[in-house]
Amino acid sequence: MSDKTPVTAAVRVLRQHKVVYTEHLYEYEEKGGTTVSARELGVAEHAVIKTLVMEDENKQPLVVLMHGDCEVSTKNLARLLHKKSIHPCAPDIANKHSGYVVGGTSPFGTRKVMPVYMERSIADLDKIYLNGGKRGFLVGLAPADAVAILKPTLVDVALAHGEHG
């Protein structure tokens, strides 16, 4: 693995906004998710934020930012957004919307501009780790910087792992 951090669309957006961030490369594991990245970085999985590309019943895409150790209640999110249903996009569709490969999806610099919904408690953390736009590459930054760039709608739709709703 090279030690050179990639210059992705996400990195370009962060630089453009003059955000102070840290770069973290790690050995990507297929289907390892935030458990692996948290372990590799030595940080709490709660601070590793998943970027999920979802869509409503009309195939309108949206981005949900969620704690790595939580799931999204798509029922509660749909209710909140006055939609019939919301579900994760198929990987090829998610890739098309975001311009990234699933497992490397960043909320910054997406190909298509999509509404962003962020679990409210993410804003309370000191530092968060988001995907930098490539598998095995996270960026660490203050949640306030992510909020300033992404202008997300804050929501309360987290479920603990194994909880259903």
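Quantities reported herein were computed from a predicted structural model and do not represent experimental measurements.

### Thoughts on the environment of Leu-65
(1) Moving on: Turning to its location among the elements, Leu-65 is positioned in strand β3 (residues 61-67).
(2) Moving on: For Leu-65, a relative accessible area of 2% gives the class buried.
(3) Moving on: Put simply, Leu-65 and Pro-107 are 42 residues apart on the chain and 8.0 Å apart in space, counted from C-alpha to C-alpha.
(4) Moving on: Sequence-distant contacts of Leu-65, that is, excluding residues within four places in its chain, are made with Ile-49, Lys-50, Thr-51, Pro-107, Val-116, Tyr-117, Met-118, Glu-119, Ile-122, Leu-130 and Leu-150.

### Comments concerning helix α2 (residues 33-41)
(1) Moving on: The complete set of buried residues in α2 reads Thr-34, Val-36, Ser-37 and Ala-38.
(2) Moving on: Buried residues along α2 sit against β2 (49-56) and β8 (137-141).

### Notes on the nonpolar core
(1) Moving on: Of all hydrophobic cores here, the largest spans 26 residues; its most connected members are Leu-14, Leu-65, Phe-108, Leu-130 and Leu-141.
(2) Moving on: Those elements that provide at least two residues to this core are α1 (9-16), β2, β3, β6 (116-119), β7 (128-134), β8 and α5 (143-150).
(3) Moving on: For this core, the element with the most residues is α1, which contributes four residues.
(4) Moving on: Setting aside residues no more than four positions away along its own chain, Leu-14 makes contact with Val-19, Tyr-21, Phe-108, Val-139, Leu-141 and Ile-149.

### Considerations on the side chain of Glu-55
(1) Moving on: Inspection of the secondary structure assignment puts Glu-55 in strand β2.
(2) Moving on: Beyond its immediate stretch of four places on either side in the chain, Glu-55 contacts Gln-60, Pro-61, Leu-62, Ser-85, Ile-86, His-87, Cys-89, Ile-93 and His-97.

### Observations regarding the sheet that holds β7
Note: strands within a sheet are paired through backbone hydrogen bonds, in either parallel or antiparallel orientation.
(1) Moving on: Across the sheet, three strands lie side by side as β1-β8-β7; this open sheet has antiparallel pairing. Because the sheet does not close on itself, it has two edges, and the strands there are β1 (22-25) and β7. Going from strand to strand, the sheet's axes swing by 35° on average, the running direction of each strand aside.
(2) Moving on: As paired strands, β7 and β8 are joined by five bridges and run antiparallel to one another. Paired with Lys-134 across the two strands is Phe-137, which belongs to β8.

### A word on the environment of Ser-73
(1) Moving on: Relative to the helices and strands, Ser-73 resides in the loop between β4 (70-72) and α3 (74-80).
(2) Moving on: As a C-alpha pair, Ser-73 and Ile-86 span 13 residues in sequence and 9.4 Å in three-dimensional space.

### Some thoughts on the pairing of β2
(1) Moving on: The element β2 is largely enclosed, with a buried count of seven among its eight residues.
(2) Moving on: Relative to β3, β2 is paired through seven bridges, and the arrangement is antiparallel. Along β3, the bridge assignment pairs Ile-49 with His-67.
(3) Moving on: As consecutive antiparallel partners, β2 and β3 are separated by four residues, and within that stretch Lys-59 has a phi angle of approximately 65°, a positive value.

### What about the environment of Ala-160?
(1) Moving on: Its location among the elements puts Ala-160 in strand β10 (residues 158-160).
(2) Moving on: Ala-160 sits in the partly exposed class, given a relative accessible area of 39%.
(3) Moving on: With 62 residues separating them in the primary sequence, Ala-160 and Ser-98 have C-alpha atoms 26 Å apart.

### As for the sheet that holds strand β5 (residues 86-88)
(1) Moving on: Strand order in the open sheet formed by five strands is β5-β2-β3-β6-β9, and the pairing between neighbours is mixed. Looking at which strands have only one partner, the edges of the open sheet turn out to be β5 and β9 (153-155). Neighbour-to-neighbour, the strand axes of the sheet open up by a mean angle of 35°, direction not taken into account.

What counts as what
Residues numbered from 1 in each chain as written. Predicted model: local features only at pLDDT ≥ 70, side-chain atom pairs only at ≥ 80, totals over all residues. Heavy atoms only, no water. Helix = DSSP H or I, 4+ residues; strand = E, 2+ residues; numbered from the N terminus. Buried < 20%, exposed > 50% of the residue type's maximum accessible area, 1.4 Å probe, protein only. Contact = heavy atoms within 4.5 Å. Core = buried A, V, L, I, M, F, W, Y, C linked by side-chain atoms within 4.5 Å. Pairing = 2+ DSSP bridges. Axes fitted to C-alpha atoms, helices over the stretch in contact; angles between N-to-C directions.

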